[in-house]
Each structure stands twice: as C-alpha cells, then as structure tokens.
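Understanding the architecture of this molecule
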Amino acid sequence: ICWSLHSSVFTASYRSFFGTEKMSNTLTSTSTKMMLMATRDYYLVSSTKASLTQFRPLTCAASLSSPYPARLVPHPPDLIKWVRREGGFVHQSVKIAQVDPYALGLIASDEIPKGSDLIALPSHIPLRFGSLESDGGDSAYSVLVNLARQIPEELWAMKLGLKLLQERAKIDSFWWPYISNLPQTYSVPIFFPGEDIKNLHYAPLLYQVNKRCKFLLDFEKEVKRALESLKPDDHPFGGQDVDASSLGWAMSAVSSRAFRLHGNKLPDGTHRDVPMMLPLIDMCNHSFNPNAEIVQEQEAGKARMLVKVVAGSEIKRDDPLVLNYGYLNNDLFLLDYGFVIPSNPYDCIELKYDAALFDAASMAAGISAPNFSSPAPWQQQILSQLNLDGENSVLKVSLGGPELVEGRLLAALRVLLASDMETVQKHDLGTLKSLSVEAPLGITNEVASLRTVIALCMIALGHFPTKIMEDESLLKQGVSASTELAIQFRIQKKSLIIDVMRDLTRRVKLLLSKESITAQG
C-alpha cells in the first residue's frame, strides 16, 4: 500500500496559513533519480547504479479523516508476542483493544491485583537516540548526531524522532514490529487544516503551533542540505528524501508516546534523563487517577535499567490500563498528545502582565484611579521581586489551575491596589502570593484585587469570537475530527474563565458579608 507521494496536508495548509512560499509538489526526487516500485510493505528502489536497496517509505498522509487513525501497515505484527519473544514480560491478563475515546489501548482481560507487574522491558527494547557526544565511527549516525545538535532542547522530541525515522526506513530494523504498530497520522494541531488552526481562537496556542510549524519547515531545509551528495552507505534514511511532513510525523510520534526516564548509571552514581519510546507501555492511555505506574529497576547483575509498569491499584476486568502523563494544561495535551481533557483541573489561560490593560480592568471593576501604569518606587521594587518589572522580567501570568490566580499576579494586584507601604511590608511575598491567605491587606484591598481579576476574565472572554452555546451547536451539526478538537479546546478555555469568575465572585460576596457583619458589630 503506497501513501501519497505529493505534498501533504501539513505542508500545503501551513505554508498558506503562515504566508510562506508554496512548496514543490514532489517529495521523492533524489539525486540519483530513483524509481519507486511498491511491493508489500516496503519499496524496492532501482537507481541508475543498477543496485537494489530495500527501505520502507517515510512519506506521511497528514490528514485527520478519522479519530482512529490506521497503523503504518494494515496487519502489523503482534506487539505483545514480540515483547515476550525479545525477553520482555507481559501479564497474561493484559491485551490490546479498542479503548474509547483514544483508539487502541491496553485493557485487563481479567482482574489484576494491586502491585502486580504488568509489563517489563529489558534495556534493549526501548528506542532511544544514544549519545550526542560520539558517533562511534558510524557515518550515517554521525549525520543524525549533527542534525540533532541543531534542534532546540524544548523540541527534544525531534531528536528522538530522527532516530525513529531512521529505524522506520530500515527493512531489517529490530524495532519494526513496534514501529509498524504506530499510527499513520496524529491528531496534533501541526497537522490541522489551516482553518482549524484559526478555529482554536487562543493566541498562546496559535503561537506555539506556528513556532513548531516554522521549525519543521526550516529544519526540512537543514536536513536536505545535510543529505545531499551523501554516499548511499552514509545516508541515514536509506537514500530517501525527508520532508517537513515526515519530520512532523516523527516528532508527533515521539511527543505523544515517549517518556523521560533514567538512562544507565553514570560513574558518579547518578542517572541522566533520557527520552525513550517504550513499546507496548506507550499504549497505556492517560488519567489523572491512574491505576498503573512506571518504575525502573536495576537488571539483575547488570548496570542497565529494566522499565516496568506496575499495577498501582486493583484493576478490574475490562478496565483500561492508564498512566498519568503529567499534571498538564490542555495546551500541552493538545500540542503533544492530540486530545483535550474536559474540566481539566490543571488547565489555565495565559495573560500578559500589561499595565495599561490592568488599569482598564480595574476601572471597569469600579476602582477609581488605579496606578498600575505609575507605581510608586516601593511598589515597583516589589514588582521587580515578582519578576514583573525590570530586565529579563517574565510577563506571562496565568489564571486557573490549582492556584486559580497565579501567585505573582495576585501579589502584584494586592500591592498596586494598596496605598500603605508599611502595611504591605509587614507581609512576605509568600503571603501576598497566596489566595488561601484571606485579605492580608484588608477586605477593601482584597475585594478590589479580586474584582480586577474578574474584569480581566471578562476581557479575556470577550476575545473569543464565539460563545459556548454556539460552539456546542456546531458540534451537534457534525464536523471533522480536527474541527471537533479545536472547538472542544476553546470550549474548555471559555468554561475555565467562567469557573474562575464564579469562584472569585463567591469569594467577593463572602468578604463583603464579613465586612458588613463587622461594621454592624
């Protein structure tokens, strides 16, 4: 089965959406003018040198036509059998099955007691990049190392993605039984049609998607430069062209499935964190209330680590095996994993600390003469301590999540809406940043601070061009998978803002009632 060899949805939609030049439609021409002939699940490449090299295709169909994307091959090898054959362990009651809403996953075919080993992978099964310090004399690996050094740390998934692409291209790759089980497509925003990127309606996420797409398009050029004129034996991808689409597929595969775990023990007894792809283990889906957890143990008599999944609680029959991917907001879940968590307790919205905006919000909240734009020297000093003023300040603040109001933002509001320097200086920053410390600078100051946050929420809500009821109506009409994800994402952001407003309004009413009781007393 041959995928499309023309420009993917990824490159076509993002070059038009972000205003970059139109790309060439062909992705497969190489310096030797190879002719592609499909045969089973791999290609035979006939070059002008009359030699035959076997490799698997790297081109990627990047559309999201279904929430349940197909595997790389129609009938991939049995992953559980492969793990066991290679010396790994899989509990007899663990099986692969369709798990809504995240497609395939692992479930228990029978009850599993707490503490049971579910999966164990010896050190040779996880897929990792290896050292960037040395190429070991391997010319093809040296090319990968040089490319990996150009990747910023925040996009670490692309480094391991290069290794994944190299193994995907090999016809005799040890990891092919695993790689062939990976999805053809991923539901992350870099593969959304351009219109659905705009449908997210949230500037911080649009910025991140734009940043990743730009990186992939730029990195595509770096890869092409590095691969041109290489000898066949030195080519890390079997002579194939690597484009932004295949790079995006690899980065998405890693970001949605890899784990950062301890590598081998260093001479000083510590361990370096190493991103790894964990066959079968990465089919556990996410929950903030997991019934399984990953542990690492020393292999008996060896310095290498064994990666295990252990039942953290009793698992009932037909229950899915779930891990906690991390206490992340929906931006990261969508960017890296391709899904949105409803009522995510760790979701938040980002705002820029902007004096003019905060003045406007305070005035809208009925506060006369706010001085965010012209703080007193003592107030400015505290802003500097909060890293909201001065050189290298971090102006991004957030609402929502466990804090409800980010501590730095709350402290700034309390301080800038206070007039008595001595009262403020009686409290440390920890107190001023804590919402659980009720009205440290007095009820009037606290009410003004919380009302300013409520006004900021109103402003943020007004930046969304649609209302929640309109979004829900669109979902009922039936939309594509990517459109549905975009709408779900923005619904959750708006719901979060409304929840913050409700909570703060309740706090304001409680404070005013206490003030009234005090006045009557």
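Residues numbered from 1 in each chain as written. Predicted model: local features only at pLDDT ≥ 70, side-chain atom pairs only at ≥ 80, totals over all residues. Heavy atoms only, no water.

Examining the packing of aromatic side chains
Summed over all chains, the structure comprises 17 aromatic pairs. With a centroid separation of 5.4 Å and 55° between ring planes, the pair formed by tryptophan 82 and phenylalanine 174 is classed as tilted. Remark: phenylalanine 174 occurs in the loop between helix H4 (156-169) and helix H5 (176-179) and tryptophan 82 occurs in helix H2 (residues 79-85); sequence separation between them is 92 residues. With relative accessibility at 1%, the residue tryptophan 82 sits in the buried group. Given a relative accessible area of 29%, phenylalanine 174 falls into the partly exposed group. Their ring planes at 40° and their centres at 5.6 Å tell us that phenylalanine 129 and tyrosine 141 sit as a pair that is tilted. Residue phenylalanine 129 is found in the loop between strand S7 (117-121) and helix H3 (139-148), and its partner tyrosine 141 is found in helix H3; the two are separated by 12 residues along the sequence. Cluster of aromatic residues (ring-pair linked, three or more members): Phe288, Tyr325, Tyr327, Phe333, Tyr337, Phe339 and Tyr346. Lying over the aromatic face of tryptophan 249, arginine 168 brings its terminal NZ or CZ to 4.4 Å of the ring centre. The positively charged end of arginine 260 is found above the aromatic ring belonging to tryptophan 156, 4.7 Å away from the centroid. (Phe/Tyr/Trp six-rings, centres within 6.5 Å; stacked < 30°, edge-to-face > 60°. Helix = DSSP H or I, 4+ residues; strand = E, 2+ residues; numbered from the N terminus. Buried < 20%, exposed > 50% of the residue type's maximum accessible area, 1.4 Å probe, protein only. Lys NZ or Arg CZ within 6 Å of the ring centre and 35° of its normal.)

Concerning the confidence of the model for the protein chain
When pLDDT is averaged along the protein chain, the result is 84, and 83% of the positions lie at 70 or above. Of all helices and strands in the protein chain, the one with the weakest mean pLDDT is strand S1 (residues 35-39) (23), whereas strand S16 (residues 404-405) scores best (98). The model gives residues 60-67 a pLDDT under 50, and that stretch makes 26 contacts with residues more than four places away or in other chains. (pLDDT = per-residue confidence, 0-100. Contact = heavy atoms within 4.5 Å.)

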